[in-house]
Structure formats: C-alpha cells, structure tokens
Amino acid sequence: ISSENVWINVNKYDEDKRAYFEKEKMSFLDKYSDHMSLLNVYEEALAHNFNDEWCSKHFLRIRALKQARNIKHQIASYLSKINIKQVQTFFHVDTFYLLCKHIESNPSLDSYAKTNALLRIALCQGFYMNLTRKMANATDGLSYIRVNDGVGVTLDYFSSVAVKETKPELVIYTELGGTVTKPVMKAVSVVELKWVNELLIYLKNVDIKKLKGENGNDSDDKETKEVIDLYKLLDKKGSKNVNESCNRNDDDDGN
C-alpha cells in the first residue's frame with residue numbers, strides 16, 4: 001500500500017487484451033480484502049522470484065513489487081531493533097491477542113483463511129479511525145459513512161470488495177481518493193464488529209480539525225464526543241462468525 005500501483009493498466013479499447021487482463025486480475029482478488037488481494041499478488045510474485053516475464057504476463061508492475069519487497073525488509077529491520085515488551089505497555093493488547101488466538105486455534109480455518117483474518121484484525125489496530133459502516137437504505141453496495149465523523153464515502157468500483165459484490169456492513173480503508181465532496185475508499189478490507197468495538201473509545205479523543213491542519217486548539221469549541229455504540233447502530237447483538245468472512249474461494253464463481 002506504500003508502493004505505486006501494482007497493476008499495469010490496459011487500454012479499454014483493446015477489448016481482447018482487456019478481457020484477458022480482467023481474468024488475470026480476478027484470479028488474485030479476495031472478496032473480503034484489497035489488502036489480502038495485494039498479499040496474494042506479492043506471494044505469487046515471490047514464488048516466481050519476481051521474474052520479469054511472469055509479471056508481464058500477469059500485468060504486474062515489477063518495479064512496484066520490488067519496491068514492496070524493499071519496504072518489507074525495512075520494516076523487518078525496524079522490528080528487530082525495538083523492545084516489544086516496552087512497546088506493549090502503551091497499548092491494550094489483551095483483546096488483540098485473544099482474537100488472534102481464536103483464529104489460530106480454529107480447526108475449521110485453513111492457513112489462507114487464518115492469514116486473511118489475522119491481516120484484517122491487524123489493520124483494525126492501526127486504522128480503526130478509518131472505520132466505515134454501510135449507509136442505511138443504500139442499495140448500491142458502495143455507499144458508506146465514516147464512523148468517526150459521519151462523512152459519506154464511496155467504495156471504489158475497482159475494489160475487490162465491490163467487484164465481488166460482498167456488500168459488507170463494516171469496512172476499513174487505508175487509502176482515500178476522489179474529491180473533497182466525493183471521497184472514494186480505494187484500499188478496503190471487510191472487518192468484524194468484535195475486532196473494532198473496543199477500539200472505538202479512542203475515537204472520542206481524536207481531534208479531527210488538527211488532523212485536517214485546521215485550528216482545533218480552542219477548548220471552548222471542542223464538542224464532547226460520545227463513544228459510538230456500533231452494536232446499536234447496526235441493530236445487532238454480536239458480529240458474524242469469522243468463518244463466514246475469511247475463506248478465499250467460497251463465492252459462487254469459484255474465484
């Protein structure tokens with residue numbers, strides 16, 4: 001997600017080549033996560049030793065893949081130098097570890113499903129501020145509202161979640177494009193309510209004005225933000241079973 005676009009664009013007027021491109025791209029897409037889709041791409045490229053010919057055949061930009069590999073190595077280097085126990089004192093990790101343990105010990109999930117779920121749980125920890133819920137009465141499957149500030153956002157047509165018509169209740173994004181009046185979520189993953197519920201309390205401490213670069217230091221102008229009750233908003237007493245949202249090939253078309 002920090003590198004350039006991994007896909008080589010194909011001229012839309014070249015129908016045969018475009019159809020082949022869409023077929024190749026579809027083979028990597030995960031219906032619950034653009035991030036898992038990118039991981040699928042990366043791991044296949046890694047298995048083929050980042051071969052130029054293989055990447056070209058699958059419409060993949062070799063430069064972007066190598067850039068992702070370099071970033072991964074940098075992060076691994078950083079992690080090898082930090083004191084994990086000291087870092088953990090700044091965060092509430094008990095629930096996070098319980099969620100991970102539940103996934104890892106679930107016998108009904110294969111290795112792909114476990115990686116899929118763990119990846120999205122990790123995204124919740126870092127990007128819970130980008131949590132969005134499906135807009136009430138929306139029928140297009142693309143209209144969402146940011147939980148943090150109530151701003152309407154649209155799911156990108158090219159997101160794997162949109163292409164596969166997953167239509168989830170909750171998603172987290174890591175990239176926002178479009179315009180000021182019509183923001184578009186471009187890198188999206190489906191999340192479970194229980195993965196984010198305990199993190200929502202932190203949203204009340206977020207200074208939106210400061211994040212936008214505006215003057216938000218006047219204490220008289222600050223509103224008291226209530227902790228959001230997503231269970232009430234979604235009219236649910238619990239989240240769906242994780243088994244329903246982490247298997248790669250359980251959709252009707254077999255992709």
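Residues numbered from 1 in each chain as written. Predicted model: local features only at pLDDT ≥ 70, side-chain atom pairs only at ≥ 80, totals over all residues. Heavy atoms only, no water.

### A look at a nonpolar patch on the surface
- Among the surface-exposed residues, Ile75, Tyr78, Leu79, Ile82, Ile84, Val87, Phe90 and Phe91 lie close enough to one another that they form a single nonpolar patch of about 830 Å² accessible area.
- Residue assignment for the nonpolar patch shows that the elements contributing at least two residues are helix H4 (62-81) and helix H5 (84-88).
- With respect to the element layout, Phe90 can be found in the loop between H5 and helix H6 (94-104).
- Residue classification places Phe90 among the exposed residues on the basis of a relative accessible area of 64%. (Patch = residues over 30% accessible without salt bridge, like charges linked within 9 Å, V, L, I, M, F, W, Y side chains within 5 Å. Areas by Shrake-Rupley, 256 points an atom, 1.4 Å probe, with all protein chains shown as cover. Salt bridge = Lys/Arg side-chain N within 4 Å of Asp/Glu carboxyl O. Helix = DSSP H or I, 4+ residues; strand = E, 2+ residues; numbered from the N terminus. Buried < 20%, exposed > 50% of the residue type's maximum accessible area, 1.4 Å probe, protein only.)

### Section: helix H2 (residues 34-47)
- Given a rise of 1.5 Å per residue, 14 residues ought to cover 20 Å, and the 20 Å separating the end C-alpha atoms of H2 matches this to within 8%.
- Among the residues of H2, those classed as buried are Asp34, His35, Met36, Ser37, Asn40, Val41, Tyr42 and Ala45.
- Along its buried surface, H2 packs onto helix H3 (52-57), H4, helix H7 (111-127), helix H8 (160-163), strand E4 (170-178) and strand E5 (183-190).
- Backbone nitrogen of His35 and a side-chain oxygen of the N-cap are separated by 3.1 Å at the start of H2; the cap is Ser33.
- Directly after H2, the chain includes Asn49, whose backbone phi takes a positive value near 55°. (Expected span 1.5 Å × (residues − 1). Contact = heavy atoms within 4.5 Å. Polar contact = N/O pair within 3.5 Å; in protein donor to acceptor, adjacent residues only side chain to side chain.)

### Examining the nonpolar core
- Membership of the largest hydrophobic core comes to 21 residues, with the highest contact counts inside it found for Cys124, Leu131, Leu170, Val191, Trp195 and Leu230.
- Those elements that place two or more of their residues in this core are H6, H7, E4 and helix H9 (193-196).
- If you tally residues by element for this core, the top one is H7, at 4 residues.
- Those residues within four positions of Leu230 in sequence are excluded, and the remaining contacts are Leu131, Arg133, Val147, Leu170, Leu193 and Leu200.
- Within the second largest apolar cluster, 14 residues are counted, among which are Phe21, Phe28, Val41 and Tyr42. (Core = buried A, V, L, I, M, F, W, Y, C linked by side-chain atoms within 4.5 Å.)

### Let's talk about the confidence of the model for the protein chain
- For the protein chain, per-residue confidence averages 85 on the pLDDT scale, and residues scoring 70 or more make up 82% of the total.
- Element-level mean pLDDT values for the protein chain span from 62 in helix H10 (residues 208-211) up to 97 in H2.
- Within the model, the stretch residues 237-243 combines pLDDT values under 50 with 17 contacts to residues more than four positions away or in other chains. (pLDDT = per-residue confidence, 0-100.)

### What to know about the pattern of salt bridges
- Taken as a whole and judged by the stated rule, the model has 5 salt bridges.
- Between Arg63 and Glu4 there is a salt bridge, with its nearest N and O atoms 2.6 Å apart. Within this pair, whereas Arg63 is found in helix H4, its partner Glu4 is found in the segment before helix H1 (15-26), the two being separated by 59 residues in sequence.
- For Glu4, a relative accessible area of 27% gives the class partly exposed.

### Brief notes about the packing of H2 against H7
- For the pair H2 and H7, interaxial distance at closest approach is 10 Å and the crossing angle is 125°. Judged by the inter-axis angle, H2 sits oblique to H7. Between H2 and H7 the crossing geometry is right-handed. Along its contact with H2, which presents His35, Met36, Leu39 and Asn40, the element H7 presents Tyr112, Thr115, Asn116, Leu119 and Leu123.
- Split by residue class, the contact of H2 with H7 holds 5 nonpolar, 4 polar and no charged. (Axes fitted to C-alpha atoms, helices over the stretch in contact; angles between N-to-C directions. Parallel < 35°, antiparallel > 145°, perpendicular 65-115°, else oblique. Left-handed = near helix turned anticlockwise from the far one by under 90°. Nonpolar A, V, L, I, M, F, W, Y, C, P; charged D, E, K, R; others polar.)

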